[in-house]
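# Structural features, examined
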Amino acid sequence: MVTACLAWASIAGATTVVRESHKVQQLALDSYYGWNRNYTPPVSTSRSLAKHSYEVATVSGTFSYYSAINYYHPQWPWTVVCGTPAPSAQHPGSLGGDGPVGFDAEFLFSRPWRTKLCANAHLPAHWTNFQMNDGSGWAHPELLGTAPTGPVSNHTYSYAVSGHNDPIKFRLWDILTRDNYGLLKISLRPANTADCASYLAFGFASEKRCITHMQ
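So, here is what we can say about the structure in this document. (Residues numbered from 1 in each chain as written. Predicted model: local features only at pLDDT ≥ 70, side-chain atom pairs only at ≥ 80, totals over all residues. Heavy atoms only, no water.)

### Things to note about the packing of aromatic side chains
Applying the stated criterion to the full structure yields 13 aromatic pairs. When the centroid spacing of 5.6 Å and the interplanar angle of 45° are considered together, the rings of Phe 63 and Tyr 65 count as tilted. Assigned by exposure class, Phe 63 and Tyr 65 land together as buried. Pairing Phe 130 with Phe 170 gives two aromatic rings, centres 5.9 Å apart and planes at 5°, and the pair type is stacked. Of this pair, Phe 130 sits in strand β8 (residues 130–133) while Phe 170 sits in strand β11 (residues 166–172), and the two are 40 residues apart along the sequence. (Phe/Tyr/Trp six-rings, centres within 6.5 Å; stacked < 30°, edge-to-face > 60°. Buried < 20%, exposed > 50% of the residue type's maximum accessible area, 1.4 Å probe, protein only. Helix = DSSP H or I, 4+ residues; strand = E, 2+ residues; numbered from the N terminus.)

### Considerations on the pattern of salt bridges
Evaluation of the coordinates by the stated rule reveals two salt bridges. One salt bridge in this structure joins Arg 189 and Asp 195, with 3.0 Å as the shortest N-O distance. On the basis of relative accessible area, Arg 189 is assigned to the partly exposed category, the value being 27%. (Salt bridge = Lys/Arg side-chain N within 4 Å of Asp/Glu carboxyl O.)

### Side note on the nonpolar core
Across soluble globular proteins, nonpolar side chains show a tendency to be buried alongside one another. Core analysis: the biggest nonpolar cluster contains 37 residues, and Leu 29, Phe 103, Phe 130, Phe 170, Leu 184, Ile 186 and Leu 188 have the highest contact counts within it. Mapped onto this core, the elements with two or more residues apiece are β1 (25–30), β2 (43–49), β3 (54–60), β5 (107–108), β8, β10 (156–162), β11 and β12 (183–190). Tyr 54, Ala 191, Phe 202 and Phe 204 belong to the second-largest nonpolar core, a separate cluster that totals 11 residues. (Core = buried A, V, L, I, M, F, W, Y, C linked by side-chain atoms within 4.5 Å.)

### Digging into the sheet that holds β11
The strand order β2-β11-β8-β9 describes an open sheet built from four strands, whose pairing is antiparallel. The open sheet has two free edges, formed respectively by β2 and β9 (138–139), since each of these has just one partner strand. One ladder, built from four bridges, connects β8 with β11; its direction is antiparallel. The residue bridging Gln 131 from the neighbouring strand is Arg 171, located in β11. (Pairing = 2+ DSSP bridges.)

### A word on unusual backbone geometry
The omega torsion across Trp 76 and Pro 77 is 10°, close enough to zero to call that bond cis. Not every positive phi belongs to a glycine, and His 122 is a case in point at roughly 55°. Topologically, His 122 is positioned in the loop between α3 (115–121) and β7 (125–126). Not every positive phi belongs to a glycine, and His 155 is a case in point at roughly 50°. Tracing the backbone shows His 155 in the loop between β9 and β10.

In structure tokens, the structure reads:
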């Protein structure tokens, strides 16, 4: 009887692990933080992603790295609003207020700036301050699909996630987070064979190898 109970517990535990590994997780990364740091406090999945396992992180939202007043009346040292801001954050944060925004996970498309710097910037411009740590260190994640030349209309992007037996963490790098507002919504799901069109992002040598693994 003890042996049977232990065997059942082992099977039940294994089932729980499988279900947990296929669960979609939702995270919210606020661009605002009230203390002086070079990044926002990271948000993390509640579980680790096993080595040689793969997921897709879908990230949506817009935010600002500058106080709203700088979009209405640029304050020193800024002299101009560069680019075309969106009127408000796609997902307002609980803190930090709201106002025009010029950033998403992939692009800087508007910000208060100096006139000459703005002229040389040619916004929108790709940037890498949205960072992920899958256990191999902080870096901007690998984008899935064809890289856009400017922000997509819904400000939503999908990224490859590779397991290293650690939770998956996200943050925004910024030297001053106290004037930020807006947040990013992050949804993680298991990768599938359709995602193998971007096999290089997952580190596979070919689409065929990626599909074989995902199956």
